[in-house]
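# Results of the structural survey
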Amino acid sequence: MRTNCPLVFVDLDDTLFQTARKMGDGERFPASFDVDGNSSGYMSVVQKQFIEWLLATADVVPVTARSVEAYSRVKIPFVHGAICAHGGVILAPDNTLDADWNTHMTSELALFQGRLEDLCATTLQIGADLGISLRGWVVDEAGLTHYVVTKQNEKDDTVLDTVQAEVRKRGLLDGMYVHGNGNNLAFLPLALRKQNAVQEWIKRDVAMHGERPRMGFGDSISDLGFMNECHWWATPRRGQLADHVAQIAPHE
């Protein structure tokens, strides 16, 4: 890493790129791919210019909910490592697992091993009981289960609010928190946060290079945690966080 430039932490999906259905008719550039090698996420012209500028002028660290495997399908040339799985994994510059952080997370998530699989199965059954078509899975890395993801197979993302309410009603989320954004409902242990991994990254960076400007970029309300570890932060003008700010900010 360079010591005379900013350190930038940046979310990926819906910050640097998004699915085609969320874009207009302008030119688009593939940024991520599905397991079959088909384009799944795209940058606009402005997003492409933005990330090229960041990579040329700063040390850029992706901070993503994506698993390591899903992150490997992002084709943006990051070179300093990454934070994946909502902070459950830190990757070295060569994209190998950071063993010290993995040991730490193994201890932090010990009580959730086994519980997350049960929660995933119960959530899918709740959907079936409510007549809501769902798909879901448990994200795991290096033999350690991290969190539960649930998505709906219909056209209305708001049905996930109904599912979440029923899961809460049954008292299944003790020691956990919820991340919801569009067609994405995740149940996560409290110890699993992007902010925690960013704090660790900053501690190491300060020890090696001293203080330097830090910037954070993200689109979700849940991204605020890691963004607030930075000296400055920003959000796309269209996104969950921007919508939230617009609702609470005074209008002139």
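Right, let's walk through the structure included here. All values reported here derive from a predicted model rather than from experimental measurement.

## Comments concerning the sheet that holds strand β7 (residues 134-141)
Strand order in the open sheet formed by four strands is β7-β8-β10-β9, with antiparallel pairing between adjacent strands. The open sheet is flanked by β7 and β9 (176-180), the only strands paired with a single partner. Across the sheet, the axes of successive neighbouring strands diverge by a mean angle of 20 degrees, strand direction being ignored. Strand direction decides the pairing type here: strand β8 (residues 144-152) and strand β10 (residues 185-189), joined by three bridges, are antiparallel. Following the sheet pairing, T150 is matched in β10 by L185. In the packing of helix α5 (residues 159-169) onto the sheet, the strands contacted are β7, β8, β9 and β10, and the crossing angle to β10 comes to about 30 degrees.

## Structural notes on the pairing of strand β1 (residues 7-10)
What you see with β1 is no split at all: L7 and F9 on one side and V8 and V10 on the other are buried throughout. Relative to strand β11 (residues 214-217), β1 is paired through four bridges, and the arrangement is parallel. Bridge pairing links L7 to R214 in β11.

## Section: the state of the cysteines
Per the stated rule, a full pass over the model turns up zero disulfides. With no disulfide of its own, C84 lies 17 Å from the sulfur of C230, the closest cysteine sulfur. Here C84 falls in the buried class, since its relative accessible area comes to 0%. Counting only cysteine sulfurs, C5 is the nearest neighbor of C230, a cysteine outside any disulfide, at a range of 14 Å.

## Quick word on the environment of H179
Relative to the helices and strands, H179 resides in strand β9. Judged by its relative accessible area of 9%, H179 is buried. Along the sequence, H179 and D223 sit 44 residues apart, while their C-alpha atoms lie 10.0 Å from each other. For H179, the side chain forms a polar contact with the side chain of S222, separated by 2.9 Å.

## Some remarks on the nonpolar core
By size, the foremost hydrophobic cluster in this structure holds 47 residues, and its most contacted members are F9, I76 and F78. Residues contacting F9, with those up to four places away along its chain left out, are V61, V63, V198, W201, I202, R214, M215, G216, F217, F226 and C230. Counting 17 residues, the second-largest nonpolar core is a separate cluster that includes L119, V159, L160 and V163.

## Quick word on unusual backbone geometry
Even without being glycine, A85 reaches a positive phi, approximately 55 degrees. With respect to the helices, strands and loops of the structure, A85 is situated in the loop between β5 (82-84) and β6 (89-91). The phi dihedral of H86 falls on the positive side, at around 55 degrees, and the residue is not glycine.

## Topic: the environment of N184
Here N184 is to be found in the loop between β9 and β10. Residues N184 and P6 lie 178 residues apart in sequence; the distance between their C-alpha atoms is 31 Å. Setting aside chain neighbours within four positions, we find N184 in contact with V149, T150, K151, L160 and H179.

## Details of the sheet that holds strand β4 (residues 59-62)
Strand order across the open sheet formed by four strands is β4-β1-β11-β12, with parallel pairing between neighbours. Unpaired on one side and paired on the other, β4 and β12 (232-234) mark the two borders of the sheet. For this sheet, the mean inter-axis angle between neighbouring strands, taken without regard to orientation, is 20 degrees. Pairing between β11 and β12: three bridges, direction parallel. In the sheet register, F217 faces β12, and the bridge partner there is A234. Seen against the sheet, helix α6 (residues 194-209) touches β1, β4 and β11 and runs at an angle of roughly 170 degrees to β1.

About the thresholds
- Residues numbered from 1 in each chain as written.
- Predicted model: local features only at pLDDT ≥ 70, side-chain atom pairs only at ≥ 80, totals over all residues.
- Heavy atoms only, no water.
- Pairing = 2+ DSSP bridges.
- Helix = DSSP H or I, 4+ residues; strand = E, 2+ residues; numbered from the N terminus.
- Axes fitted to C-alpha atoms, helices over the stretch in contact; angles between N-to-C directions.
- Contact = heavy atoms within 4.5 Å.
- Buried < 20%, exposed > 50% of the residue type's maximum accessible area, 1.4 Å probe, protein only.
- Disulfide = S-S within 2.5 Å.
- Polar contact = N/O pair within 3.5 Å; in protein donor to acceptor, adjacent residues only side chain to side chain.
- Core = buried A, V, L, I, M, F, W, Y, C linked by side-chain atoms within 4.5 Å.

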